[in-house]
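Coordinate analysis (summary)
Listed here are the chains, written in short residue letters.
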Amino acid sequence: MAMETAYKQASRSGASHGRPRRKRGNQMGAFGALSHLALLVWAILIIGPILWTFLGSFKTNTEIFGDPITLPATYHWDAWGRAFQKAHIGQYMLNTIFVVACSTALTMLLGSMAAYVLSRYTFFGNRAIYFLFVSGMTFPVFLALVPLFFVVRNLGLIDTHLGVILVYVAYSLPFTVFFLSAFFKTLPTSVAEAAMMDGCSHTRTFFQIMVPMAKPGLISITIFNILGQWNQYLLPIVLLSGNVEDKWLITQGVANISTNAGYEADWPGLFAALSMAIIPVMIIYIIFQRQIQSGLTSGAVK
């Protein structure tokens with residue numbers, strides 16, 4: 001009799017404990033469904049305009065304004081040719097590739113070395129220098145356009161790619177140092193100590209041991225810098241005037257086509273130029289998306 005009573009009490013307690021669990025499971029399931037729905041809506045809002053722009057480059061003006069949502073009746077490639085040759089998008093793209101490649105390489109070299117020293121070595125003024133770098137992230141770009149123009153002009157670098165490269169490096173260093181400092185702190189100190197005991201110098205330890213260990217973080221911040229510098233518009237428009245149109249970057253070329261499209265009624269050419277500016281960035285992100293995700297999560301895992 002006592003065993004039956006105990007069994008009934010255990011059954012009741014198990015049932016009472018089971019109800020909140022099922023309720024909690026239902027809540028988590030509803031939250032998951034809402035999150036997936038929100039992600040689906042967000043994906044449509046992002047992919048929709050890109051796909052519409054890409055398809056618009058194959059349409060005529062009549063199709064763009066008459067049937068903007070439908071597929072093109074015939075895929076016309078002449079808009080891509082006009083954007084590449086007449087609007088000089090090919091030249092602007094080569095200029096952008098050169099500027100972004102040089103500025104990104106210099107940013108990663110200087111940023112990684114600064115982040116490594118600030119995160120692994122203790123010296124007077126360490127935190128002050130680090131916070132000075134981080135404070136650059138809080139300073140909006142457009143507030144410094146006027147003094148930046150005069151500084152670059154006084155250096156004799158206005159209307160030159162070198163001036164744009166140096167400015168890109170200066171504006172990319174704060175986030176690079178901030179990101180890599182946190183990443184370098186997660187790396188084990190025992191490996192660096194063992195290398196120093198084996199006779200490695202600080203420079204050799206950094207380039208041959210610590211940099212390969214920090215590869216996921218370096219790849220992630222490199223992609224972020226490439227995306228940010230490729231899409232930059234304010235700085236090129238200030239540093240490269242209309243007198244050096246052959247040195248323009250791709251954002252300036254697309255903006256120029258956008259201005260002329262209303263007068264020349266060449267909207268397919270504008271969409272083709274936008275597609276040329278978008279496709280390289282999408283390819284880079286698709287290729288390195290796993291490295292970006294691993295770089296963002298490896299610091300937390302370690």
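Details of the structure are given in the entry above.
Bear in mind that the values here come from a model prediction, so they are computed numbers and not experimental data. (Residues numbered from 1 in each chain as written. Predicted model: local features only at pLDDT ≥ 70, side-chain atom pairs only at ≥ 80, totals over all residues. Heavy atoms only, no water.)

**Quick look at the overall build of the chain**
Heads up, the condition is: Here a strand is any run of E in DSSP of at least two residues, a helix any run of H or I of at least four, and the numbering for each starts at the N terminus. Accessibility here uses a 1.4 Å probe with only protein chains present; expressed as a share of the type maximum, an area under 20% marks a residue as buried, one over 50% as exposed, and anything in between as partly exposed. The contact definition used throughout considers only heavy atoms, calling two residues in contact when any of these lie within 4.5 Å. Methods summary: accessible areas were calculated by the Shrake-Rupley approach with a probe of 1.4 Å, and residue burial reflects only the protein chains presented.
Per the secondary structure count, the chain includes 14 helices and zero strands. Counting only residues that meet the buried cut, the chain has 35% of its 302 residues in that class. The long-range fraction of contacts in the chain, counting pairs at least 24 apart against all pairs at least 6 apart in sequence, stands at 74%. Just so you have it, the chain exposes about 18,200 Å², and 70% of that area is on carbon and sulfur atoms.

**As for the nonpolar core**
Convention followed: Put simply, a nonpolar core is a bunch of buried Ala, Val, Leu, Ile, Met, Phe, Trp, Tyr and Cys residues held in one set by side-chain atoms that sit within 4.5 Å of each other.
Grouped together as the largest cluster of nonpolar side chains are 39 residues, with contacts concentrated most on Ile89, Val164, Ile250 and Val254. Elements with a minimum of two residues in this core: helix H3 (78-86), helix H4 (89-120), helix H6 (145-154), helix H7 (161-185), helix H10 (215-230), helix H11 (234-239), helix H12 (250-264) and helix H13 (267-287). Ignoring sequence-local partners within four residues, the contact set of Val254 consists of Ile89, Leu270, Ala273, Leu274 and Ala277. Counting residues in hydrophobic clusters, the runner-up holds 18 residues, among them Tyr116, Leu118, Leu180 and Ala214.

**Some words on the environment of Leu94**
Summarising the element assignment, Leu94 is placed in helix H4. Residue Leu94 is classed as exposed on the basis of its relative accessible area of 55%.

**Topic: the packing of aromatic side chains**
The condition that has to hold: The rule is short: rings of Phe, Tyr and Trp, with Trp giving its six-membered ring, pair when the centres are within 6.5 Å, and they are stacked under 30 degrees, edge-to-face over 60, tilted in between. We count a charge as sitting over a ring when the NZ of a lysine or the CZ of an arginine lies within 6 Å of the ring centre and within 35 degrees of the ring normal.
In this structure the tally under the stated criterion is 18 aromatic pairs. Judged by centre distance (5.6 Å) and plane angle (65°), the rings of Tyr130 and Phe131 are edge-to-face. Taken together, a centroid distance of 4.8 Å and an interplanar angle of 75° make the contact between Phe206 and Phe207 edge-to-face. Put simply, the rings of Phe54, Phe58, Tyr75, Trp77 and Trp80 pair up and form one aromatic cluster. We note Arg127 situated over the ring of Tyr130; from NZ or CZ to the ring centre the distance is 4.5 Å. Over the aromatic face of Tyr130 sits the side chain of Lys185, whose NZ or CZ is 5.9 Å from the ring centroid.

**A few points about the pattern of salt bridges**
Where charged atoms from two side chains of opposite charge come close, those side chains can pair. As a reminder, the rule being used: By salt bridge we mean one thing: a side-chain nitrogen of Lys or Arg within 4 Å of a carboxyl oxygen of Asp or Glu.
Applying the stated criterion across every chain, the model contains one salt bridge. Arg82 serves as the salt-bridge partner of Asp78, at 3.2 Å between the closest nitrogen and oxygen. Here the residue Asp78 and the residue Arg82 both occupy positions in helix H3, the gap between them amounting to four residues, near one helical turn. The class for Arg82 is partly exposed, based on a relative accessible area of 28%.

**Description of the packing of helix H9 (residues 202-213) against H10**
What counts is decided by this rule: To obtain an axis, a line is fitted to C-alpha atoms, over the contacting stretch when the element is a helix, and the angle between two such axes runs from 0 to 180 degrees between their N-to-C directions. For classification, angles of less than 35 degrees are called roughly parallel, those exceeding 145 degrees roughly antiparallel, those between 65 and 115 degrees roughly perpendicular, and all remaining angles oblique.
Running from N to C, H9 and H10 cross one another at 75°; their axes reach a closest spacing of 5 Å. Of the possible angle classes, the one that applies to H9 and H10 is roughly perpendicular. Here Val211, Pro212 and Met213 of H9 come into contact with H10, specifically with Lys215, Pro216 and Leu218.

**Quick look at the environment of Met282**
By the secondary structure assignment, Met282 is in helix H13. Separated by 55 residues in the primary sequence, Met282 and Leu227 place their C-alpha atoms 9.5 Å from one another.

**As for the packing of H4 against H9**
Each packed pair of helices is defined by two parameters, the angle between the axes and the distance between the axes. Rule in force here: Gly falls in the polar group here, along with every residue not listed as nonpolar (Ala, Val, Leu, Ile, Met, Phe, Trp, Tyr, Cys, Pro) or charged (Asp, Glu, Lys, Arg).
H9 packs onto H4 with a crossing angle of 95° between their chain directions and a minimal axis gap of 12 Å. The orientation of H4 relative to H9 falls into the category roughly perpendicular. Side by side, H4 and H9 meet where Leu109, Ser112, Met113, Tyr116 and Arg120 of the first sit next to Thr205, Phe206, Phe207 and Met210 of the second. Taken together, the residues of the contact of H4 with H9 break down into six nonpolar, two polar and one charged.

**Section: the side chain of Gln229**
Inclusion rule: Contacts described as polar in this section are N or O atom pairs within 3.5 Å, which, within protein, must combine one atom able to donate a hydrogen with one able to accept it, while residues neighboring in sequence count only if both atoms come from side chains.
Structurally, Gln229 can be placed in helix H10. A residue is classified by how much of its surface remains accessible, and Gln229, at 3% relative accessible area, is buried. Separated by 2.5 Å, the side chains of Gln229 and Ser103 make a polar contact. In this view, Gln229 contacts Val100, Ser103, Thr104, Thr107, Tyr168 and Ser172; residues no more than four positions away in its chain are not counted.

**Focus on the environment of Tyr130**
Checked against the element boundaries, Tyr130 lands in helix H5 (residues 126-135). When its relative accessible area of 11% is taken as the criterion, Tyr130 is described as buried. Spatially, the C-alpha atoms of Tyr130 and Ser119 are 8.9 Å apart, while their sequence positions differ by 11 residues. When residues no more than four places from it in sequence are discounted, the contact partners of Tyr130 are Leu118, Phe178 and Ser181.

**Regarding the layout of surface pockets**
Picture a little ball the size of a water molecule; that probe, rolled over the atoms, points out where space is still empty. Note the cut-off: A 1.4 Å probe that fits into a set of points on a 1 Å grid over the protein atoms alone but cannot get out defines a cavity; an open set with protein on both sides within 12 Å along at least five of seven lines defines a pocket, and lining residues are those with an atom within 4 Å of a point. Grid points are joined across faces, edges and corners, and a volume is the space filled by probe spheres set on the points.
Taken as a whole, the largest pocket holds about 270 Å³ of empty space. Together, 15 residues line the largest pocket, and Val141, Tyr168, Tyr171, Ser172 and Gln232 are the ones closest to its centre. Elements with a minimum of two residues in the lining of the largest pocket: H7 and H10. Examining the composition of the lining of the largest pocket, we find that five residues originate from one element, H7, more than from any other.

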